[in-house]
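What follows is the residue order along each chain.
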Amino acid sequence: KKIAKVISLIGDEDGAEIIGLCEIENEKVLKDLINDPLLKKYGYKYVHYDSPDERGIDVALLYKEPIFKVTSSKNYEAKISSNDKTRDVLLVSGKLEGEEVHFIVNHWSSRGEGEKESEPKRMVSALVARKIVDELEAKNPNAKVLLMGDFNDEPFNKSITKGLQAIDNPSIKGKQLFNTLASLEKQGKGTYNYKGDWNMLDQIIITKGFFVANNKAKGWRYLDGAIYDA
């Protein structure tokens, strides 16, 4: 009910069009969420796969079918080792009001073992996500790809800057990506509070394709990054 309340407050009166979710225990909780009285009127659909995570939690994408038409989806395994399995990286592609857009939902390994010990695990997921972006941009250099989720690393950790090649400057070149929340992290803002300390573990990262349409009258394009704070 609390999650439904927050989602119902995001965006305009019609609600958010696309929502990435982490910590999904099973498909039933997704059904319960979209059928909550606060959200049912929006008619959300979802894409969800069971992942090999040892705790049994997954990622998912909520979307409004009239706005976003899913054309394909795939879950990519982030294999750390034969005995250590984490969440898949989810790719959902479709037409957002007629324009092709790709969403990659992430939930990388936690820092529970300590940053030094766990960082290589997050790098595995980073390289999987990076490969997906490379494949999409190989087909279309101006592909609009948006990566989101709980990365369990901050904007200036190696998995983000080296693995994904995401920077805090929108003037991206080559294979670079733009981390839309990195500048807010510099301002001391965050999405997650641990023992009184704000961290920017949840991020939205985009390809240069979202800037190409800036000089056109139509097309989805990046305007500004923000954190919803009730």
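Right above here is the structure, for reference.
Please read these numbers as outputs of a predicted model, since none were measured by experiment.

## A closer look at the sheet that holds strand S4 (residues 68–76)
An order of S4-S7-S8-S9-S14-S11-S10 is seen for the 7 strands of this open sheet, with the pairing classed as mixed. The open sheet has two free edges, formed respectively by S4 and strand S10 (166–167), since each of these has just one partner strand. Where strand S7 (residues 89–96) and strand S8 (residues 99–107) come together, 7 bridges link them in antiparallel fashion. Counterpart to Val 92 in the pairing with S8 is Phe 103. Across the sheet, helix H3 (residues 115–139) touches S4, S7, S8, strand S9 (145–150) and strand S11 (177–179), and the angle it forms with S7 is around 30°.

## Brief notes about the side chain of Asp 36
With respect to the helices, strands and loops of the structure, Asp 36 is situated in the loop between helix H2 (27–34) and strand S2 (44–48). No salt bridge is formed by the buried Asp 36, whose closest oppositely charged neighbour, Lys 1, lies at an N-O distance of 4.2 Å. Excluding its chain neighbours within four sequence positions, the residues that come into contact with Asp 36 are Lys 1 and Ala 4.

## Regarding a nonpolar patch on the surface
A cluster of nonpolar side chains, Val 6, Leu 9 and Tyr 228, forms an exposed patch at the surface whose accessible area comes to about 260 Å². Structurally, Leu 9 can be placed in helix H1 (residues 2–9).

## Some points on the sheet that holds strand S3 (residues 58–64)
Strand order in this open sheet of 3 strands is S1-S3-S2, and the pairing throughout is antiparallel. The open sheet has two edge strands, strand S1 (18–24) and S2, and neither has a second partner. On average, each strand axis in the sheet is tilted by 25° relative to the strand beside it, whichever way the strands run. Together, S1, S2 and S3 form the strand contacts of H2, whose direction differs from that of S2 by roughly 165°.

## A look at the pairing of S8
Across the 9 residues that make up S8, a large majority, 7, are buried. The pairing of S8 with S9 spans 6 bridges and is parallel. Bridging across to S9, Val 105 finds its partner in Met 148. Following the backbone out of S8, through H3 and into the adjacent parallel S9, one traces a crossover that is right-handed.

What counts and what doesn't
- Residues numbered from 1 in each chain as written.
- Predicted model: local features only at pLDDT ≥ 70, side-chain atom pairs only at ≥ 80, totals over all residues.
- Heavy atoms only, no water.
- Pairing = 2+ DSSP bridges.
- Helix = DSSP H or I, 4+ residues; strand = E, 2+ residues; numbered from the N terminus.
- Contact = heavy atoms within 4.5 Å.
- Axes fitted to C-alpha atoms, helices over the stretch in contact; angles between N-to-C directions.
- Buried < 20%, exposed > 50% of the residue type's maximum accessible area, 1.4 Å probe, protein only.
- Lys, Arg positive; Asp, Glu negative; His and termini not counted.
- Salt bridge = Lys/Arg side-chain N within 4 Å of Asp/Glu carboxyl O.
- Patch = residues over 30% accessible without salt bridge, like charges linked within 9 Å, V, L, I, M, F, W, Y side chains within 5 Å.
- Areas by Shrake-Rupley, 256 points an atom, 1.4 Å probe, with all protein chains shown as cover.
- Right-handed = clockwise from strand over helix to strand, strands pointing away.

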